[in-house]
Each structure stands twice: as structure tokens, then as C-alpha cells.
Amino acid sequence: MSTYNPYLRGAEWRKWDLHVHTPASFHWNDGKCFAQMSPSEKEAALKRMYDTIKQSDVAVFAIMDYWTFDGYLEFRRYLADMKLTLTKSLFPGIELRIEAPVDYRLNIQVVLSDKHSTQELNDFKNALCIRSINRPISDEALIRFAKSLDPSKAAVHG
């Protein structure tokens, strides 16, 4: 029994973009965040994302929002609700700013399988801890952490 293989020529170079932010991300500066959008504005933003990805010559994307999978999950929900498919790969990612003994921001990006359920992505995020306040990552915990920072540190590091 043979399976369909769209890559008959073997290994080929393909473009990947593993750092795509959405309106769910902290530091989103291209208009309103999802939380500020009306349902029609959110749908229009998700349609723009779909059209941009579909028209791009990039083969693989990772949505890499700060501290959340919400942008990826919103987009995945939009695709399902609209019965749309992508011929490109789309992976969930999360960008984390970590504590380190350096005088600059240090971020790490985590790319996960697109086979993970919403619950598995939430479980992964909930297993991450903000050490200084001993809480799992959540919007509330991030706000509490930000309020605990010295104002001068917050001004420099955001």
C-alpha cells in the first residue's frame, strides 16, 4: 500500500517562518488586540491572517505569541468554523521572556506539534511557573508579576 507523497524529489529547501505574532500577543502594535475587537473585527483579522498565509511562499509557520497560545487557538477555531484548510504547516508556539543574570531581555521560543489538543497546549502553559511569584502563567499572574517589578526595570525591559 503506497501513501501519497507531495515531495517526490526528496529533500528540498523550503521557507519557514517560525515567529509570527497575532493580535493575541503582548506587544501587538499593528492595531487592536483580539480582546479589544468586536466579533466582526476579529473575524476580519483572522481572515487577513488566512489570506496572508495562503498567498505566502512560506511553507511552514509557527504562531509565536508572548505567554499564550490564544492566537494559534483563535486561528485554528476560525479555520474549523469557516471549514477552511491550509496546504501549509502551522504550528503552535509560545514566546517566553525568562529571568537571566544579564542586562538585556532574554526570550526563548517553544514550537510544539500541531497535533496537540487545546487542553494539551493549556496543560503545557499551566506547567510553566513565574518563579518570583510562584504561580503558573496566566494573564492574572503576569499582571501581578508586572506590578511587583521596580518601575525602572519595567520601563527598560517592558
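It should be noted that the structure appears before, not after, this text.
Novice: Describe the overall build of the protein, naming the residues involved and giving the relevant values.
Specialist: When helices and strands are tallied, the protein shows five helices and six strands. Starting at the N terminus, the α and β elements of the protein follow one another as β-α-β-α-β-β-α-β-β-α-α. Projecting the C-alpha coordinates of the protein onto the three principal axes gives extents of approximately 60 × 40 × 25 Å. Out of the 158 residues belonging to the protein, those deemed buried represent 32%. A fraction of 63% describes how many contacts in the protein between residues 6 or more apart in sequence connect residues 24 or more apart. For the protein, the distance from the average position of its 21 positive side-chain charges to the average position of its 20 negative side-chain charges is 1 Å.

Novice: Go over the packing of aromatic side chains, please, and point to the residues and values.
Specialist: Ring pairs (aromatic) are described by centroid distance and by the angle formed between their planes. Scanning the model with the defined rule gives three aromatic pairs in all. On the basis of an interplanar angle of 40° and a centroid distance of 5.4 Å, the ring pair of Tyr66 and Trp67 is categorised as tilted. For Tyr66, a relative accessible area of 10% puts it in the buried group. Measuring from centroid to centroid gives 6.4 Å for Phe75 and Tyr78, while their planes differ by 20°, and the two rings are stacked. Here Phe75 pairs with Tyr78, and both are found in helix α2 (residues 70-81), just three residues apart, close to one helical turn. Residue classification places Phe75 among the buried residues on the basis of a relative accessible area of 0%.

Novice: Just give me the short version of the environment of Arg131, but keep the residues and values in it.
Specialist: Looking at the element boundaries, Arg131 is found in the loop between β5 (129-130) and β6 (135-136). A residue is classified by how much of its surface remains accessible, and Arg131, at 62% relative accessible area, is exposed. As a C-alpha pair, Arg131 and Lys88 span 43 residues in sequence and 37 Å in three-dimensional space.

Novice: How would you sum up the pattern of salt bridges? Please name residues and give values.
Specialist: Under the definition given, this model contains six salt bridges. Two residues, Lys115 and Asp114, come together in a salt bridge whose shortest N-O distance is 3.7 Å. Lys115 sits in the exposed class, given a relative accessible area of 70%. Through salt bridges with shared partners, a single network forms among Lys42, Glu74 and Arg77.

Novice: Mind laying out a nonpolar patch on the surface, listing which residues take part and the relevant values?
Specialist: Where nonpolar side chains cluster on the molecular surface, the patch consists of Ile98, Val102, Tyr104, Leu106 and Ile108 and spans about 380 Å² of accessible area. Take Ile98: its relative accessible area is 33%, and that puts it in the partly exposed class.

Novice: Describe the sheet that holds strand β1 (residues 16-20), and please don't skip the residues or the numbers.
Specialist: Spatially, the four strands line up as an open sheet ordered β1-β2-β3-β4, and their pairing is mixed. In this open sheet, the two edge strands, each paired with only one partner strand, are β1 and β4 (106-111). Strand-to-strand twist of the sheet, defined as the mean angle between neighbouring strand axes without regard to direction, takes the value 25°. Two strands pair when backbone bridges link them, and strand β3 (residues 89-98) and β4 are joined in this way by six bridges, in the antiparallel orientation. Bridge pairing links Ile94 to Val110 in β4.

Rules behind the numbers
Residues numbered from 1 in each chain as written. Predicted model: local features only at pLDDT ≥ 70, side-chain atom pairs only at ≥ 80, totals over all residues. Heavy atoms only, no water. Helix = DSSP H or I, 4+ residues; strand = E, 2+ residues; numbered from the N terminus. Buried < 20%, exposed > 50% of the residue type's maximum accessible area, 1.4 Å probe, protein only. Contact = heavy atoms within 4.5 Å. Lys, Arg positive; Asp, Glu negative; His and termini not counted. Charge placed at Lys NZ, Arg CZ, Asp CG, Glu CD. Phe/Tyr/Trp six-rings, centres within 6.5 Å; stacked < 30°, edge-to-face > 60°. Salt bridge = Lys/Arg side-chain N within 4 Å of Asp/Glu carboxyl O. Patch = residues over 30% accessible without salt bridge, like charges linked within 9 Å, V, L, I, M, F, W, Y side chains within 5 Å. Areas by Shrake-Rupley, 256 points an atom, 1.4 Å probe, with all protein chains shown as cover. Pairing = 2+ DSSP bridges. Axes fitted to C-alpha atoms, helices over the stretch in contact; angles between N-to-C directions.

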